[in-house]
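Read off the chains here:
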Number of protein chains: 4
Amino acid sequence: MSRNLPLSRDERRQQILDAARRVFARRGYHVASIDDVVKEAEVARGTFYNYFPSKRAVFAVVLEALFEAVASAPEPIRVDGDDIPSQVRANLVRMYRALAEHQDLTRILLAEAVGLDSEADEDLGRFYERALERVERALLAGQSLGLVRAGDARAMASCLLGVIKEPVFQAMLRREPLPVEAVAEEAFALVWTGVLAAR
Amino acid sequence: MSRNLPLSRDERRQQILDAARRVFARRGYHVASIDDVVKEAEVARGTFYNYFPSKRAVFAVVLEALFEAVASAPEPIRVDGDDIPSQVRANLVRMYRALAEHQDLTRILLAEAVGLDSEADEDLGRFYERALERVERALLAGQSLGLVRAGDARAMASCLLGVIKEPVFQAMLRREPLPVEAVAEEAFALVWTGVLAAR
Amino acid sequence: MSRNLPLSRDERRQQILDAARRVFARRGYHVASIDDVVKEAEVARGTFYNYFPSKRAVFAVVLEALFEAVASAPEPIRVDGDDIPSQVRANLVRMYRALAEHQDLTRILLAEAVGLDSEADEDLGRFYERALERVERALLAGQSLGLVRAGDARAMASCLLGVIKEPVFQAMLRREPLPVEAVAEEAFALVWTGVLAAR
Amino acid sequence: MSRNLPLSRDERRQQILDAARRVFARRGYHVASIDDVVKEAEVARGTFYNYFPSKRAVFAVVLEALFEAVASAPEPIRVDGDDIPSQVRANLVRMYRALAEHQDLTRILLAEAVGLDSEADEDLGRFYERALERVERALLAGQSLGLVRAGDARAMASCLLGVIKEPVFQAMLRREPLPVEAVAEEAFALVWTGVLAAR
DNA sequence: AATGAATGAGATTTCATTCAT
DNA sequence: CATGAATGAAATCTCATTCAT
C-alpha cells in the first residue's frame, strides 16, 4: 500500500543487500526465501527483482562483500617492521576479531556457502584460493629468509588456514562467543612451535 | 515399468541408503530430491517411504554412518608402543585415508551437514565434541608426560582439528583428489614443530 | 513373520470385517487406511485383498450390516395387540436403544456414509428408502383406521425420521451418551400430540 | 497459459471462495482437490495459496459463511405480532427456502462438515448449539405462556431440529429438489399437533 | 521506480492396490 | 492361503520469478 520514498539506486540496493545478508545469516541460503528478504528490507517483491536478477545473484554479492571484509583483516608482514612473531600474532588476533565481530557473516561463510551449486563453489574456491596464496607467499618469503622450515608451502598453508577456521567454526556450531585472545594465543603457539614442549 | 523382485528388508534398506549417500554427496542435501534418490536406487518412490519416513530421516542415518566411519579411523596412542611421533603420524595418515576413501562422505560431513537445522547441528556438535575430547585427552596425557608444552588443551585441540580438516575441505572444494601422503607429512610437521626452521 | 493360524474363510472374513468397522468408526472412511484395518485385524495387507476387492467394497459390507442391525430394531405395529400408543413408544425406545448400543455404528451411519461417492450415496439412499417406506406404511395404515390425520404420508415420514435421528446425531456430535429414556419420551409426545398444550 | 489480470484482493478471494463452495458441494471435502478448486476458479494453483493457507482453511471459511446464511433465515417470534402459528409456519418456510436456495450449501452442511476433524466438529457443534438454543428459548417462552405443553425443552428442540433437517437431507441424498411448500406444511402440522387425527 | 497479484514447475509425502514368494 | 515388499498416481503445498498497474 504505502509506497516507499524514492531512494537513490545505490541506497535502495544497499538496503536490500543488508536485509539479504541478515536473512541468509539467520535462515541459511536454501531455507531463506525472497519473501523473507523483501519483508526484512520492507520493499515489495517486485522491487527486489529491479535490483538483482535472482536469489542466487544477491547471494553472490553478499558473499563477495564478506570476502572483502575478512580478507582485509590481516596486514602484510614487513621484514623491516616489528619483530616478525609479533606481526604474525597481531595478524591472527586481527583475523579472529574480524570473524568474531561479524558472527552472521561467519555463519554464511562457513556453513551456507558450501555445496550450494557449482557456481557458488567456484566463488568460494576463488576466495580460498586468494587466502591460501597469501599465506603461501608469506611462507615462501619466510623460507627464503631461512625463518620457515622447508616443506610443501601449499600444504602448509592449507593446514594453517585450518588452524584459523576451526576454532571459529566450533564456536559457531555451539553458538558460543569466540574466546578471541585464548584462541589467538594457542594458534600462534601452534603455528610457531607446534605442540612439543621446548627441547 | 517392470517391478523389482522383493528383497529382504535389510538389503533394500541398504540399497536405498547407499543411493541416498551418493546423491547427497553429488547434489547436496537441499538440492537433492527424493526423486534423485529413488532413481539412483532404481526403486519406486513409494518404496523409499516404506523404509524411511522422510528425506531428513534418511539423511540423519547417512550422517550417523559417516560419523562412525570417520571416528573409528584413529587408534589410541600407546605409551608403551612404537615411539610416539610415529603413532601420531600413523594416525594422521589413517584419518586422511579414511576421508579420502569416501570422498562422497567427506562432502556431506564438511559441507552438507552444517547449518541444516538445529537437530543436525546438534548431531554434528556431538560428533565434533567426541573428536575434540579425544584430541584433548591425548594432549593432556602428553602434557603430564612432559611431551607437550603447556597451554589451553581445548583451544589447542580445536586448532589441531582444523589442521586435519582444512586440507580435506580444500581438496573437496576443488574436486581434486587429496594428496594423502604430502598432506599428512606437512600436518605432522606442523603439529610437531610448528612452521619454524629448526633453531 | 509369524503366520496366522488357518481359519475358515468365513471366520477370517468376519475378523477383517469387524476390524474394518472399528477402524471406520474411529477414524472415518476417508482418513482410515487399509493399513489401519489390517493392523487392527492383525493380518497381512495382502490378506485383506483376498477377502475384499477394495476399500470401498468392505465399507459397503460394513454399511449393510449396520442397516440390518438398526432396521431390525422396531417391531411391526399390530392392531390387535397392545394399545397402539404403547407400541409406538416401545418402538421408539427400541430404536434409540439399538443406536445407543452401537455408538460406533451410529457414527458411521450418520457421519461417514454421506457424501462418499455416488455409489455409497445410493446404498444409503436405499437404506433410508426402506426406513421411510416402513414408517409411511404405518402412517397410511393409521390414516385408513382414522387414527392418523390426513396429509402427505411421505413428507410426514421424513419428518418423523428426523425426530429419531437428530437427538442421536446431536449426542454423537458432542460425544455424549444418548439419554435414551428422556429422548424417547419427548419424541413420542411430539409425534403423538405435537408441541401444543392440551386444549 | 494467458495470465489473469490482477484483481483486488477481495474480489479474487471471493472468486476462489465461490469456486471452493461449488467444488466442495459437488465432490465432497475429501474427494475435492485443490486442483478442482483452482480449475473451477480459473486461477493458478499458487494463487489459491496466496489467499488461503490450506484446503482445510478455505473449507472453514466456506462453512462459516453457510452458518451465517442458514442461521439468519428464521425471524424471532413476536407475541404481539401475527398470530403465533402463522409466525411459526412462516419461519419454517423461510428455513426450508434458504436451504433449498443453496442446495450446494446444504450438501456441505449436512454431509461434508460432519466428522471431518475435531475442529470442524466443534464448529458444527457450536452452530447446532446456537440453533438448538434458539428453538429451546422459543419453546420455554411458549411454555411460560401456556401455549406449549410441559416437557424437556432441550430434547424437544432436538427433535424439532430433526423435523427440519431430515426432509432436506433426504432430498439432497436423492438429488431431488425439495418440495418446500409440502414439506413446510407437514412439518408445521407435525410440530403443532403431532400425527394424530383431531380428537 | 515501486508495487504485489499471478504463475506453475516441482517438492515431499500418502496410500490403495498388485504380485512374487 | 497368507504374506509384505513394491508400486506409482495423485495429493498438498512452496516459492522463485513475471508482469500489469
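Residues numbered from 1 in each chain as written. Chains lettered and ligands numbered in written order. Predicted model: local features only at pLDDT ≥ 70, side-chain atom pairs only at ≥ 80, totals over all residues. Heavy atoms only, no water.

Caption draft 1: Focus on the domain arrangement of chain A. Residues and elements named next belong to chain A. For chain A, the assigned domains read domain 1 (9-52) and domain 2 (61-193). Domain 1 and domain 2 are separated by 29 Å when their C-alpha centres are compared. Taken residue by residue, the interface counts 10 residues in domain 1 and 9 residues in domain 2. Taken together, the links from domain 1 to domain 2 amount to 0 salt bridges. (Domains from an automatic or database assignment. Contact = heavy atoms within 4.5 Å. Salt bridge = Lys/Arg side-chain N within 4 Å of Asp/Glu carboxyl O.)

Caption draft 2: Geometry of the packing of aromatic side chains. What the rule picks out here adds up to 32 aromatic pairs over all chains. A centroid spacing of 5.6 Å and a plane angle of 85° characterise the contact between A:Y128 and B:F169, whose relative ring orientation is edge-to-face. You can see A:Y128 sitting in helix α7 (residues 118-144) and its partner B:F169 sitting in helix α8 (residues 153-174), one on each of two chains. In this structure A:Y128 comes out as buried when scored by relative accessible area, which is 3%. On the accessibility criterion, B:F169 (6% relative accessible area) is buried. Connected via pairs of aromatic rings, a cluster forms that spans A:F169, B:F67, B:F127 and B:Y128. A:K55 extends its terminal NZ or CZ atom over the ring of A:Y29, reaching a point 4.6 Å from the ring centre. (Phe/Tyr/Trp six-rings, centres within 6.5 Å; stacked < 30°, edge-to-face > 60°. Helix = DSSP H or I, 4+ residues; strand = E, 2+ residues; numbered from the N terminus. Buried < 20%, exposed > 50% of the residue type's maximum accessible area, 1.4 Å probe, protein only. Lys NZ or Arg CZ within 6 Å of the ring centre and 35° of its normal.)

Caption draft 3: Spatial organisation of the relation of the copies chain C and chain D. Overlaying chain C on chain D yields an RMSD of 0.6 Å, the required transformation being a rotation through 178° with an accompanying axial translation of 0.1 Å. Within this description, the copies of the chain are treated as partners about a two-fold rotation axis. Minimal C-alpha distance to the rotation axis in chain C is attained by C:G194, lying at 1.6 Å. The share of interface residues of chain C whose copies in chain D are also at the interface is 98%, consistent with both copies meeting through the same surface. (Least-squares fit on C-alpha atoms with pLDDT ≥ 70 in both.)

Caption draft 4: Spotlight on the relation of the copies chain B and chain A. For these two chains of identical sequence, chain B goes onto chain A by a turn of 178° and a shift of 0.1 Å along the axis, with RMSD 0.6 Å. A shared binding surface is used by both copies, with 98% of the interface residues of chain B retained as interface residues in chain A.

Caption draft 5: The arrangement of the state of the cysteines in detail. Tallied over the full model, the rule gives 0 disulfides over all chains. Summary of cysteine pairing: C:C159 is not part of a disulfide, and the nearest cysteine sulfur, belonging to D:C159, is at 12 Å. (Disulfide = S-S within 2.5 Å.)

Caption draft 6: How the structure looks around the arrangement of the chains. In this view chain A stays clear of chain C, with the nearest C-alpha atoms of the two still 31 Å from each other. With no contact between them, chain B and chain C keep their nearest C-alpha atoms 12 Å apart.

Caption draft 7: Highlighting the interface of chain C and chain D. Contacts between the two partners involve 50 residues from chain C and, on the opposite side, 52 residues from chain D. With both chains or domains summed, chain C and chain D bury close to 4,500 Å², and 60% of this area falls on carbon and sulfur atoms. Here chain C is connected to chain D by 6 salt bridges. Of the charged contacts, one joins D:K165 and C:E166 as a salt bridge, the two residues approaching to 3.0 Å between their closest N and O atoms. Our count for the contact surface shared by chain C and chain D stands at 8 residue pairs in polar contact (both at pLDDT 80 or more). Elements with a minimum of two residues in the side of chain C that touches chain D: α6 (103-112), α7 (118-144), α8 (153-174) and α9 (180-193) of chain C. (Buried area = accessible area lost by both parts, 1.4 Å probe. Polar contact = N/O pair within 3.5 Å; in protein donor to acceptor, adjacent residues only side chain to side chain.)

Caption draft 8: Region of interest: the interface of chain B and chain A. Chain B puts 50 residues into the contact, and the matching count from chain A is 51 residues. Together, the buried faces of chain B and chain A total about 4,500 Å²; carbon and sulfur atoms form 60% of this surface. In terms of surface lost to chain A, no three residues of chain B exceed B:R149, B:E186 and B:V195, which account for 16% of the buried area on that side. If you look at where chain B meets chain A, you find 7 salt bridges. Of the charged contacts, one joins B:D121 and A:R107 as a salt bridge, the two residues approaching to 3.2 Å between their closest N and O atoms. On the surface where chain B and chain A come into contact, there are 9 residue pairs in polar contact (both at pLDDT 80 or more). Contributions of two or more residues to the side of chain B that touches chain A are made by α6 (103-112), α7 (118-144), α8 and α9 (180-193) of chain B.

Caption draft 9: Seen up close, the nonpolar core. With 139 residues, the main nonpolar core has A:F24, A:Y96, A:V163, B:F24, B:Y96 and B:L124 as its most contacted residues. In contact with A:Y96, other than residues within four places in its own chain, are A:V163, A:I164, A:P167, A:V168, A:L178, A:V180, A:V183, A:A184 and A:A187. (Core = buried A, V, L, I, M, F, W, Y, C linked by side-chain atoms within 4.5 Å.)

Caption draft 10: Inspection of the packing of helix α1 (residues 9-27) of chain C against helix α2 (residues 34-41) of chain C at higher detail. All names here are of chain C. Contact pair α1 / α2: the axes reach a minimum separation of 8 Å and the direction vectors enclose 125°. By the angle between their directions, the pair α1 and α2 is classed as oblique. When the axes of α1 and α2 are compared, the crossing they make is right-handed. Together, Q15, I16, A19, A20, R22, V23, R26 and R27 of α1 and D36, V37, E40 and A41 of α2 make up the contact between the two elements. The residue inventory of the contact of α1 with α2, partitioned by class, reads 6 nonpolar, 1 polar and 5 charged. (Axes fitted to C-alpha atoms, helices over the stretch in contact; angles between N-to-C directions. Parallel < 35°, antiparallel > 145°, perpendicular 65-115°, else oblique. Left-handed = near helix turned anticlockwise from the far one by under 90°. Nonpolar A, V, L, I, M, F, W, Y, C, P; charged D, E, K, R; others polar.)

Caption draft 11: Expanded view of α8(B). All names here are of chain B. In a regular helix each residue adds 1.5 Å, so 22 residues correspond to 32 Å; α8 covers 32 Å between its end C-alpha atoms and thus fits that length. Along its length, α8 reaches its greatest deviation from straightness, about 30°, at K165, and the proline P167 lies no more than four positions downstream. Phi turns positive one or two residues past the end of α8, at R175, with a value near 55°. (Expected span 1.5 Å × (residues − 1). Bend = angle between axes of the 7 residues up to and from the residue.)

Caption draft 12: Region of the structure containing the pattern of salt bridges. Residues and elements named next belong to chain C. What the rule picks out here adds up to 63 salt bridges over all chains. R21 is the salt-bridge partner of D18, the closest N and O atoms lying 3.9 Å from each other. You can see D18 and its partner R21 sitting in helix α1, 3 residues apart, about one turn around the helix. On the accessibility criterion, R21 (25% relative accessible area) is partly exposed.

Caption draft 13: Main features of the environment of B:D35. All names here are of chain B. Along the chain, D35 falls in helix α2 (residues 34-41). Judged by its relative accessible area of 24%, D35 falls in the partly exposed class. Remark: the alpha-carbon pair of D35 and R45, spanning 10 residues in sequence, is separated by 6.9 Å. A polar contact of 3.1 Å, which involves the side chain of D35, links it to the side chain of R45.

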